[in-house]
Amino acid sequence: MTTEKARRSTGTATITFGMVVIPAKLYAATESKDAVSFHQLHNKCGSRLKQQYVCQNDGQIVERDEMVKGYEVAKDRYITFTPDELKAFAAESTEAIEITEFVPAGSVDPIFFEKASYLAPEKAGVQAFALLREAMVRTGTVAVGRYAARGREHVVMLRP
C-alpha cells in the first residue's frame with residue numbers, strides 16, 4: 001500500500017496550434033511536503049488576529065473601501081488606478097495554451113523558467129497529445145507559446 005496521495009489538477013487548459021485543439025489538465029510539478037502554516041494569535045486568549053492597514057503619513061487605520069492601487073514611478077511617487085483601469089490591463093483569460101512556434105530544445109535557457117507544471121491530456125485529447133509529444137521528441141524541439149489565465153498572460157514552453 002502506498003502513502004502517496006493522488007495529485008489534483010491545479011487547472012485546465014486547451015493546447016492550440018493551427019486547427020489542432022487538445023484539452024489538458026495542469027498539475028503542479030513540485031509540492032512542498034515541509035510547508036507548515038501558522039496563524040497569528042493573541043497570547044492572552046488564543047483568538048486569531050485581524051490584519052490592519054495603517055497610513056504611514058498620519059498613523060490612522062485605513063479601511064479597504066478607502067484604498068486604491070498604485071504603481072511606484074519614483075521614490076514615494078505613485079500613479080493610482082481605478083478598478084476599471086486595472087480590469088483593462090488584465091489579460092483576457094482564455095485558458096488556452098496557444099503554441100506560436102517550435103524551437104530547438106536547447107535554445108531556451110532555464111534561467112528564464114519561473115514555474116514548472118505538468119500537462120496531461122484529458123480523455124478526448126490523448127491521441128493528439130501523444131502525436132504532439134512524439135513529433136517534438138523526433139524533431140528535438142519544444143513548443144513556445146502564450147497562456148492567459150487569472151488575468152495574466154504568460155510565455156510558456158512545452159517540452160516532451
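The present account deals with the structure reproduced in this document. Model, not experiment: these values are computed from the prediction. (Residues numbered from 1 in each chain as written. Predicted model: local features only at pLDDT ≥ 70, side-chain atom pairs only at ≥ 80, totals over all residues. Heavy atoms only, no water.)

1. So, the side chain of Thr 141
As a reminder of what qualifies: Put simply, DSSP marks the helices as runs of H or I at least four residues long and the strands as runs of E at least two long, and each gets a number from the N terminus on. Exposure categories follow from relative accessible area, calculated using a 1.4 Å probe and restricted to protein chains: below 20% of the type maximum is buried, above 50% is exposed, and the middle band is partly exposed. Polar contacts, as counted here, are pairs of nitrogen or oxygen atoms within 3.5 Å of one another; within protein the pair requires one atom able to donate a hydrogen and one able to accept it, and residues that are adjacent in sequence qualify only if both atoms are side-chain atoms.
Mapped onto the fold, Thr 141 is located in strand 9 (residues 141–149). Here Thr 141 falls in the buried class, since its relative accessible area comes to 16%. Engagement of the side chain of Thr 141 in a polar contact is seen with the side chain of Thr 139, the distance being 2.8 Å.

2. Remarks on the nonpolar core
Cut-off, in case you're wondering: We define the nonpolar core as a collection of buried residues of types Ala, Val, Leu, Ile, Met, Phe, Trp, Tyr and Cys that are connected through side-chain atoms lying within 4.5 Å of one another. Should any heavy atoms of two residues lie within 4.5 Å, those residues are considered in contact.
By size, the foremost hydrophobic cluster in this structure holds 15 residues, and its most contacted members are Ile 15, Ile 97, Ile 99, Leu 132, Tyr 147 and Leu 158. For this core, the elements supplying multiple residues, two or more each, are strand 1 (11–17), strand 2 (20–28), strand 7 (96–104), helix 2 (126–139), strand 9 and strand 10 (152–158). Apart from the residues lying within four places of it in its own chain, the contact partners of Leu 132 are Ile 15, Phe 17, Ile 22, Ile 99 and Phe 102.

3. Regarding the packing of aromatic side chains
For clarity, the cut-off: Here a pair means two rings of Phe, Tyr or Trp (six-membered ring of Trp) with centres within 6.5 Å. Their orientation is stacked below 30 degrees between planes, edge-to-face above 60, and tilted elsewhere.
Enumeration over the complete set of coordinates arrives at one aromatic pair. With centroids separated by 6.0 Å and ring planes inclined at 85°, the aromatic side chains of Phe 17 and Phe 102 adopt a geometry described as edge-to-face. In this pair, Phe 17 sits in strand 1 while Phe 102 sits in strand 7, placing the two residues 85 residues apart along the sequence.

4. As for the layout of surface pockets
Where we set the bar: A 1.4 Å probe that fits but cannot get out identifies a cavity on a 1 Å grid over protein atoms alone, an open set with protein on both sides within 12 Å along at least five of seven lines counts as a pocket, and a residue lines either if it has an atom within 4 Å of a point. Grid points are joined across faces, edges and corners, and a volume is the space filled by probe spheres set on the points.
Here the largest pocket defines a volume of roughly 1400 Å³. Around the largest pocket sit 36 residues that line it, and Lys 115, Ala 116, Ser 117, Val 156 and Met 157 are the ones nearest its centre. Contributing elements (two or more residues each) for the lining of the largest pocket: strand 1, strand 2, strand 7, strand 8 (117–121), helix 2, strand 9 and strand 10. At six residues, the largest contribution of residues to the lining of the largest pocket is made by strand 10. Considering only enclosed or pocket space, the second largest pocket measures out at about 310 Å³ in volume. What lines the second largest pocket is Tyr 53, Val 54, Cys 55, Gln 56, Asn 57, Val 62, Met 67, Asp 76 and Tyr 78.

5. Examining the sheet that holds strand 10
The test is simple: A pair of strands is treated as paired once DSSP finds two or more bridges between them. Angles here are taken between N-to-C directions and fall from 0 to 180 degrees, while the axes themselves are lines fitted to C-alpha atoms, restricted in helices to the stretch in contact.
If you walk across this open sheet you meet the six strands as 8-2-1-7-9-10, and the pairing is mixed. The two strands at the open ends of the sheet, each matched to only one other strand, are strand 8 and strand 10. Shown here is a sheet whose adjacent strand axes are inclined to one another by a mean of 35°, direction ignored. Bridge count for strand 1 against strand 7 is three bridges, and the pairing is parallel. Counted as the bridge partner of Thr 14 is Ala 96 from strand 7.

6. Some details on the pairing of strand 7
As a general feature of sheets, a regular strand has side chains that alternate between the two faces. Across seven bridges, the pairing between strand 7 and strand 9 is antiparallel. Residue pairing for strand 9: Pro 104 is matched across the bridge by Thr 141.

7. Comments concerning the pattern of salt bridges
In plain terms, the rule: One speaks of a salt bridge when a side-chain nitrogen belonging to Lys or Arg is within 4 Å of a carboxyl oxygen belonging to Asp or Glu.
Counted under the stated rule, the structure contains two salt bridges. Taking the shortest distance from any N to any O, the salt bridge between Glu 98 and Arg 146 comes out at 3.2 Å. Here the residue Glu 98 occupies a position in strand 7, and Arg 146 occupies one in strand 9, the gap between them amounting to 48 residues. Judged by its relative accessible area of 36%, Glu 98 is partly exposed. For Arg 146, a relative accessible area of 35% puts it in the partly exposed group. A salt bridge links Glu 134 to Arg 138, with the shortest nitrogen-to-oxygen separation between them at 2.9 Å. Remark: Arg 138 and Glu 134 occur in helix 2; sequence separation between them is four residues, near one turn of the helix.

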